[in-house]
Amino acid sequence: MRHHDPPHAPPTWHTLSKQQVLQQLTVDPTQGLTEAEAASRLHQQGANTLPRAKARPAWLRLLLHFHNPLIYVLLAAAVLTLLLRDFVDAGVILAVILINALIGYTQEGKAEQALAAVSAMLASEATVLRQGGKRKIPASQLVPGDLVWLESGDKVPADLRLLRTHQLHISEAALTGESLPVSKQSEPLAAHLPLAERSNMAYSGTLVSRGQGMGVVVATASQTEIGRIGIMVGEVVALSTPLTRRLDHFARLITLVILLVGALVFVYGYWVRGMSVDILFQAVVGLAVAAIPEGLPAIVTIVLAIGTRIMAGKQAIVRRLPAVESLGSVTIICSDKTGTLTCNEMTVVRAMLWEETWRVAGVGYTPVGALSPLTREREVGEPLPAAITALAQCALLCNDAHLLAHEGEWQLAGDPTEGALLVFALKAGLTVEHDQQAHPSVDLIPFESEHQYMATLHQGGLLLLKGAPERVMALCQMSQQQHAQWQVRIEQAASQGERVLALAAAQLDGASCQLTPDMLQGMTLLGMVGMVDPPREDAVHAIAECQRAGIRVKMITGDHGATAEAIGRQLGLLACTPTTGGEMDTLDPAALAERVRHCDVYARASPEHKLRLIMAMQANGELVAMTGDGVNDAPALKMADIGVAMGHKGTDAAREASDLVLTDDHFATIARAVREGRVVFDNIKKSLLFILPTNGGQAGVLLLAILAGVAMPITAAQILWINMVTAVTLALAFAFEPAEPGVMDHPPRPAGQSLITPILAARIAFVTLLMIAVTFAVFEWELARGSSLEQARTAAVNMLALGELAYLFNVRNFTAPAWGRGGRRGNPVAIWVCLILVMLQLLFTYLPLMQQVFHSEGLDVTSWGLILLFSVLIFLLVECEKACWRWRQVTRI
Ligand code: ATP
């Protein structure tokens, strides 16, 4: 019987038995599909991807670029100019509005593409059985009939009919809106049940919140329930951030000021100076056009987008654009320990029996290394004690990891803690096949950070348990004295930075095939093992760098207090005396807020503790970045100012809750992202620092001319020309500007600090005045020496453009001298844009067409000489101003 559903009738997979489902999908449950069959089904069915959310149509997006108060003012100016029958100027203004919208539109398109490409790097994976082997494949490659494993934190990659479940709970909020996770099972159900009650199905796009399961794919891509009801996946890339919104606000303010000043100028010119309405309109239009920083929004977006791309190149993928800005002002980074700060290559180095402790030699996952007693030499031919073999057997059987020999190298598939235990068992002479065949596994309770243990039940009633010593000892029979002695030995091993795990066993009467937590009691402690996981070298450097940059690094780990303290010291954390989860439970929020000021190491902490810690730090006014990987870390990741998920070992749930994903899981990557965030913020500031004096200078020149009652040194069309060429060429250079020297040597920018600081405003005012002075001087000097009005204006335009060019080299450093940076740290884009600008200015001055449109005229050598002289003067004067700040020890502005 084949499944013949009409395309829109609800599928009835939930009513069929497991055998029927497997039969219909023609798949062998022990082997999975063959690669050939999977490929042919993929060809037939298409890739397992859902239609992405559609962005706005292109025409609307283009139109939206005109929806801006600044552009309204420009449009009004164009209309006014038309009314004055000045068709050329009106044409230029309209052309600029159009070009500006086009530039904004393409830049935005590029920024969106860059972000979309970056988020595509986060495609999820699925664990499947194919051709008899378990492997990870991209979720997009799944086909109906594939057997897929699910575990907590996974996003269900396709619609599955569940075949096996173990405490499987799935949150189906994405599909049904129900926020509580629902419990799943694998038996057939009645036909009429609504979607939300089909407990033997797992639907694409929902999240596994707990437990494990396995199922067969029954539908992929748009055939899935989520595809059928038309929910679009993937967020539309949002380009608006708090910063761009603030800039929008700023732009509105400027518009208001322009309108006000324009009105005043009109009144003043008409009544006080008795100027004609025509001339006044021209002046006011020129003023409006001059003061409007049209290019600014596009520049900021492009700086943010390029910052995102650079971060992606450094293994840090930004999921939400605002994170790029806030990264620069992070004051605390909270990090997990295992795998982020440490190498996550565990090696068992000690095995503790009740009688004595043994050393285990060898490094890595190669199962070669001798076992010998700690306090004496092992005699030649001395057999391993039976207690060691029992310990090793528990380590091997209560284990989910696999070791693979690949071209002479041993690789681990699974959790490193379990890998270390497996290697230990092999070093003790056990073999995986033999022991697993002798004691086939019947059921298990998987490891979860919350309960900190894992247990397995084997045929014949053998119950094995391993986990954190406190948890395991609490389930074992032992005297108080034994307990106390073990405590001392645990502390001893942990204080060397070792992770200690206790292993225990019990023999159950009767053949049970279900394992529940209440069966874990009265067990016998077999012993303990201590394993090392060295700190990552690059993490040590990155922590030191963060500390220099005024960022406090805190470690939050599930490990033992003494282990955490030892590792914390090796990493160079500042306050290593640990606070444990138990202690945190006794502290009220105020006390915890006080504690977090002085403590950098948190041990035996659960995801809820992470949440409390974030709240405590935020209550102290800190801006917190927090790492996480498990499904239960999602709330903490959302609460943190920057949630950082692990791309490698992290779950889909954690990734979806995060702002930043580390593709390599390393702490050093966070530090690099913070550094890049600072650079982005600096570059936005530099763009402002650059663009605003251009507008200020032009507006000032016009205002001065009106007040003084002399001819306008530049026309509206010419102003627009300068704004365009400087915005599309020069300002773009700042998106590619490398870091300031010492960008990580100063404390974070205080949260809420205004974008334009007093020193920044002072610099803008200073350069504005300089620009006004030199432009006016060149214009008046040309007139005085008998040049035509057109020539004088052309000279003024070139003065502004080349003055900007010279100033570009000042702005590249806030206060450090411009000549300090060569070769490696240079910005080739800056050189290119300067060349382009010079070319454009030459065209402006000498091309007949341009001369017609802009009323420009050729200049002689003397004019050029003066312009160049003044440009150099601007450069030198700004350098002097910078030197003054340096002298006052100011390096940031
Ligand atoms: P971090 O939060 O720094 O990454 P972690 O995530 O490694 O630390 P957990 O994985 O929560 O911390 O582990 C907490 C404790 O649980 C460990 O100290 C160890 O005692 C125990 N444990 C870890 N892995 C396993 C496992 N696979 N089986 C049994 N117990 C384990």
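Residues numbered from 1 in each chain as written. Predicted model: local features only at pLDDT ≥ 70, side-chain atom pairs only at ≥ 80, totals over all residues. Heavy atoms only, no water.

Trainee: It is not clear to me how the overall build of the protein chain should be interpreted in this structure. Could you clarify?
Mentor: Within the protein chain, the secondary structure is distributed over 30 helices and 25 strands. Considering only C-alpha atoms, the protein chain reaches an extent of 110 × 70 × 55 Å along its principal axes. A buried classification covers 53% of the 893 residues belonging to the protein chain. Summarising the internal contacts of the protein chain: among those between residues at least 6 apart in sequence, 72% fall at separations of at least 24. When the accessible surface of the protein chain is split by element, carbon and sulfur atoms take 61% of a total near 37800 Å². Considering the protein chain, the positive charge centre built from 68 side chains and the negative charge centre built from 79 side chains are found 4 Å apart. (Helix = DSSP H or I, 4+ residues; strand = E, 2+ residues; numbered from the N terminus. Buried < 20%, exposed > 50% of the residue type's maximum accessible area, 1.4 Å probe, protein only. Contact = heavy atoms within 4.5 Å. Areas by Shrake-Rupley, 256 points an atom, 1.4 Å probe, with all protein chains shown as cover. Lys, Arg positive; Asp, Glu negative; His and termini not counted. Charge placed at Lys NZ, Arg CZ, Asp CG, Glu CD.)

Trainee: Honestly, the sheet that holds strand S19 (residues 524-532) in this entry has me stumped. Any pointers?
Mentor: In sheet architecture, strand pairing relies on hydrogen bonds along the backbone and comes in two forms, parallel and antiparallel. With antiparallel pairing, 8 strands are arranged side by side in an open sheet as S12-S11-S10-S19-S18-S17-S16-S15. Edge positions in the sheet fall to strand S12 (371-373) and strand S15 (441-445), since each has one partner strand and no second. On average, each strand axis in the sheet is tilted by 25 degrees relative to the strand beside it, whichever way the strands run. Each of strand S10 (347-352), strand S11 (357-360), S12, strand S16 (453-458), strand S17 (462-467), strand S18 (499-507) and S19 touches helix H12 (residues 386-397); the most contacted strand, S19, lies at about 70 degrees to it. (Pairing = 2+ DSSP bridges. Axes fitted to C-alpha atoms, helices over the stretch in contact; angles between N-to-C directions.)

Trainee: How should the site of the ligand be read in this particular structure?
Mentor: Close contacts around the ligand come from 21 residues, with Lys337, Thr338, Glu418, Arg499 and Asp559 the closest. With respect to the ligand, the backbone of Lys337 contributes an N or O atom lying 2.6 Å from an oxygen atom. Arg499 places a side-chain nitrogen or oxygen 2.6 Å from an oxygen atom of the ligand. A total of 620 Å² of accessible area belongs to the ligand in isolation, and the protein chains cover 93% of it. Looking at the shell around the ligand, the elements that each hand over two or more residues are helix H13 (416-427), S17 and S18. The element contributing the most residues to the shell around the ligand is S18, with 3 residues. The residue makeup of the shell around the ligand, split by class, is 6 nonpolar, 7 polar and 8 charged. (Near = heavy atom within 4 Å. Polar contact = N/O pair within 3.5 Å; in protein donor to acceptor, adjacent residues only side chain to side chain. Nonpolar A, V, L, I, M, F, W, Y, C, P; charged D, E, K, R; others polar.)

Trainee: Honestly, the nonpolar core in this entry has me stumped. Any pointers?
Mentor: Nonpolar side chains in soluble globular proteins tend to be buried together. Of all hydrophobic cores here, the largest spans 147 residues; its most connected members are Ile333, Leu660, Phe667 and Phe690. At 20 residues, the largest contribution of residues to this core is made by helix H24 (residues 667-708). Beyond its immediate chain neighbours, meaning those up to four positions away, Ile333 contacts Cys546, Ile551, Arg552, Val553, Lys554, Ala625, Phe667, Ile670 and Val674. Grouped together as the second largest cluster of nonpolar side chains are 35 residues, Val360, Val423, Ala425 and Leu430 included. (Core = buried A, V, L, I, M, F, W, Y, C linked by side-chain atoms within 4.5 Å.)

Trainee: Can you help me understand the packing of aromatic side chains in this one?
Mentor: Given two aromatic rings, their pairing is described by the distance between the two centres and the angle made by the two planes. For the structure shown, the criterion picks out 8 aromatic pairs. Taking 5.9 Å as the distance between ring centres and 50 degrees as the angle between the ring planes, the aromatic pair formed by Trp354 and Trp486 counts as tilted. Remark: Trp486 occurs in helix H16 (residues 480-494) and Trp354 occurs in the loop between S10 and S11; sequence separation between them is 132 residues. For Trp354, a relative accessible area of 37% corresponds to the partly exposed category. For the ring pair Phe690 and Phe734, a centre distance of 5.5 Å and an interplane angle of 55 degrees mean the geometry is tilted. (Phe/Tyr/Trp six-rings, centres within 6.5 Å; stacked < 30°, edge-to-face > 60°.)

Trainee: What is the right way to look at helix H4 (residues 69-83) in this model?
Mentor: Residues three or four positions apart in an α-helix share a direction because the helix packs 3.6 residues into each turn. In a regular helix each residue adds 1.5 Å, so 15 residues correspond to 21 Å; H4 covers 21 Å between its end C-alpha atoms and thus fits that length. Those residues of H4 that fall on the buried side of the exposure criterion are Leu70, Ile71, Val73, Leu74, Ala77, Ala78 and Thr81. Projected down its long axis, H4 shows its buried positions confined to an angular sector of 155 degrees, all on one face. Residue Arg85 follows H4 closely and has a positive phi angle near 65 degrees. (Expected span 1.5 Å × (residues − 1). Arc of directions from axis to C-beta.)

Trainee: Explain the pairing of strand S23 (residues 624-628) to me, please; I cannot follow it from the model alone.
Mentor: Two faces make up the sheet, and in a regular strand the side chains alternate between them. With respect to burial, S23 is a largely interior element, 5 of its 5 residues being buried. Residues Val624, Met626 and Gly628 point to one face of S23 and Ala625 and Thr627 to the other, with burial holding for every one of them. Two strands pair when backbone bridges link them, and strand S9 (residues 332-335) and S23 are joined in this way by 3 bridges, in the parallel orientation. Among the inter-strand pairings, Ile332 is bridged to a residue of S23, identified as Val624. Where S23 and strand S24 (residues 642-646) come together, 4 bridges link them in parallel fashion.

Trainee: Is there a simple way to explain the pattern of salt bridges in this structure?
Mentor: Close approach of charged atoms allows side chains of opposite charge to pair. Counted according to the given criterion, the structure contains 31 salt bridges. Here Asp146 ties to Arg130 by a salt bridge, and the two come within 2.7 Å at their closest N and O atoms. Highlighted residues: Asp146 in the loop between strand S2 (133-138) and strand S3 (147-151) and Arg130 in strand S1 (residues 125-130), separated in sequence by 16 residues. Across the pair, exposure class does not vary: Asp146 and Arg130 are buried alike. A salt bridge links Lys466 to Glu418, with the shortest nitrogen-to-oxygen separation between them at 2.7 Å. Pair noted here: Lys466 is in strand S17 and Glu418 is in helix H13, with a separation of 48 residues, a long-range link. Across this residue pair, the class does not change: Lys466 and Glu418 are buried. It is possible to trace a salt-bridge network through shared partners that takes in Glu35, Arg130, Arg135 and Asp146. (Salt bridge = Lys/Arg side-chain N within 4 Å of Asp/Glu carboxyl O.)

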